[in-house]
Amino acid sequence: MTVRLLLADDHPVVRAGLRAVLDAEADFVIVAEAATAERAVELAGAGGVDVVLMDLQFGSGMHGSDATAAITSVPGAPRVLVLTTYDTDADILAAVEAGAAGYLLKDAPPEELAAAVRTAASGRSALAPAVADRLMHRMRAPGEALSRRELEVLRLVKDGLSNQQISKELFLSQATVKSHLVHIYAKLGVDSRTSAVAAATARGLIRRGT
């Protein structure tokens, strides 16, 4: 079976590298490339694509997870395999909940990437070992894991937003934001916003830097 691929990444060098690796596989055909998430959604919706290799960060445009959700919401849509440098809980959960069929890191060896593409094309899930380990840990200790909403709140805290600003950003009441923060502090064993961000960053729950 020939697998038709769409490469979605805003870096031409990355797309060229992926093309060089994937063109070496006899059963892969790269039918399109997209430099923006919006363009990826458009091309995926046009048909003729089996698997989309989706980056998460596209500059100031649509996020890869949002594009994944838009693509997978349509019946008969292509499978989306996230290919990114980020392995935080926040990124992984957003992608999985958006409907991604797999999640792979960009430093994966060529044979692992090829295998993940075939796995996704066949209708199964393809997760990098490190990603699978993180999800397994969340399942084994659900009481300690931050929910996706708690991770969203914490990411905005890291960005310097006040409770009032967070409530507007996430369409929540300020009381709900405060409640989320209380749960975050308890799960992380901290007592301040700064300590919560530091602890979550150290544990790989949210991204370092911006």
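Residues numbered from 1 in each chain as written. Predicted model: local features only at pLDDT ≥ 70, side-chain atom pairs only at ≥ 80, totals over all residues. Heavy atoms only, no water.

Asker: Which residues make up the nonpolar core, and what values do they have?
Answerer: Judged by nonpolar contacts, the single largest core of 27 residues is most densely connected at Leu5, Leu22, Leu53, Tyr103, Leu113 and Val117. Among the elements that make up this core, the one with the highest residue count is helix α5 (residues 110-121) (four residues). Setting aside chain neighbours within four positions, we find Val117 in contact with Val3, Leu5, Phe28, Val51, Leu53 and Leu81. Membership of the second largest hydrophobic core comes to 22 residues, among which are Leu93, Leu181, Ala199 and Ala200. (Core = buried A, V, L, I, M, F, W, Y, C linked by side-chain atoms within 4.5 Å. Buried < 20%, exposed > 50% of the residue type's maximum accessible area, 1.4 Å probe, protein only. Helix = DSSP H or I, 4+ residues; strand = E, 2+ residues; numbered from the N terminus. Contact = heavy atoms within 4.5 Å.)

Asker: Just give me the short version of unusual backbone geometry, but keep the residues and values in it.
Answerer: At Phe171, a position not held by glycine, the phi torsion is positive, near 55°. Following the sequence through the fold, Phe171 ends up in the loop between α8 (163-170) and α9 (174-188).

Asker: For the sheet that holds strand β2 (residues 28-34), give the residues involved together with the corresponding values.
Answerer: Reading across the sheet, the six strands line up as β2-β1-β3-β4-β5-β6 and stay open at both edges, with parallel pairing between neighbours. What marks the edges here is a single partner per strand, and that holds for β2 and β6 (126-127). Two strands pair when backbone bridges link them, and strand β5 (residues 102-105) and β6 are joined in this way by two bridges, in the parallel orientation. For Tyr103, the partnering residue across the bridge sits in β6 and is Leu127. (Pairing = 2+ DSSP bridges.)

Asker: I'd like to hear about the pairing of strand β1 (residues 3-8), residue by residue, with values.
Answerer: Of all six residues making up β1, five are buried, and the element is well covered by its neighbours. With six bridges joining them, β1 and β2 adopt parallel strand pairing. Bridge pairing links Leu6 to Ala32 in β2. For the crossover that starts at β1, traverses helix α1 (residues 12-22) and ends in the parallel β2, the hand is right-handed. When β1 meets strand β3 (residues 51-54), the two strands line up parallel, connected through four bridges. Following the sheet pairing, Leu7 is matched in β3 by Leu53. (Right-handed = clockwise from strand over helix to strand, strands pointing away.)

Asker: Give me the pattern of salt bridges: which residues, what numbers.
Answerer: Applying the stated criterion across every chain, the model contains 18 salt bridges. Of the charged contacts in the structure, one is a salt bridge between Glu42 and Arg39, with a shortest N-O distance of 2.9 Å. Of the two residues, Glu42 and Arg39 are both situated in helix α2 (residues 37-45); the distance of three residues between them amounts to about one turn of the helix. Judged by relative accessible area, which is 36%, Arg39 ranks as partly exposed. Across the pair Asp159 and Arg155 runs a salt bridge, and its minimum N-O distance is 3.9 Å. A single network of salt bridges, built from pairs that share partners, joins Arg15, Arg19, Asp23 and Glu33. (Salt bridge = Lys/Arg side-chain N within 4 Å of Asp/Glu carboxyl O.)

Asker: If you had to explain the side chain of Thr88 to someone new, which residues and values would you point to?
Answerer: Locating Thr88 in the fold gives a position in the loop between β4 (79-84) and α4 (89-97). Reaching out from Thr88, the side chain makes a polar contact with the side chain of Asp91 at a distance of 2.7 Å. In this structure, Thr88 is in contact with Arg134, Gly204, Leu205, Ile206 and Arg207, ignoring residues within four places of it in sequence. (Polar contact = N/O pair within 3.5 Å; in protein donor to acceptor, adjacent residues only side chain to side chain.)

Asker: How would you sum up α9? Please name residues and give values.
Answerer: Here α9 spans 21 Å end to end across 15 residues, near enough to the 21 Å set by a 1.5 Å rise per residue. At its buried positions, α9 is contacted by α7 (148-158), α8 and α10 (193-202). Looking at the residues trailing α9, positive phi occurs at Gly189, about 70°. (Expected span 1.5 Å × (residues − 1).)

From the geometry alone we can't say anything about function, so treat these as descriptive.
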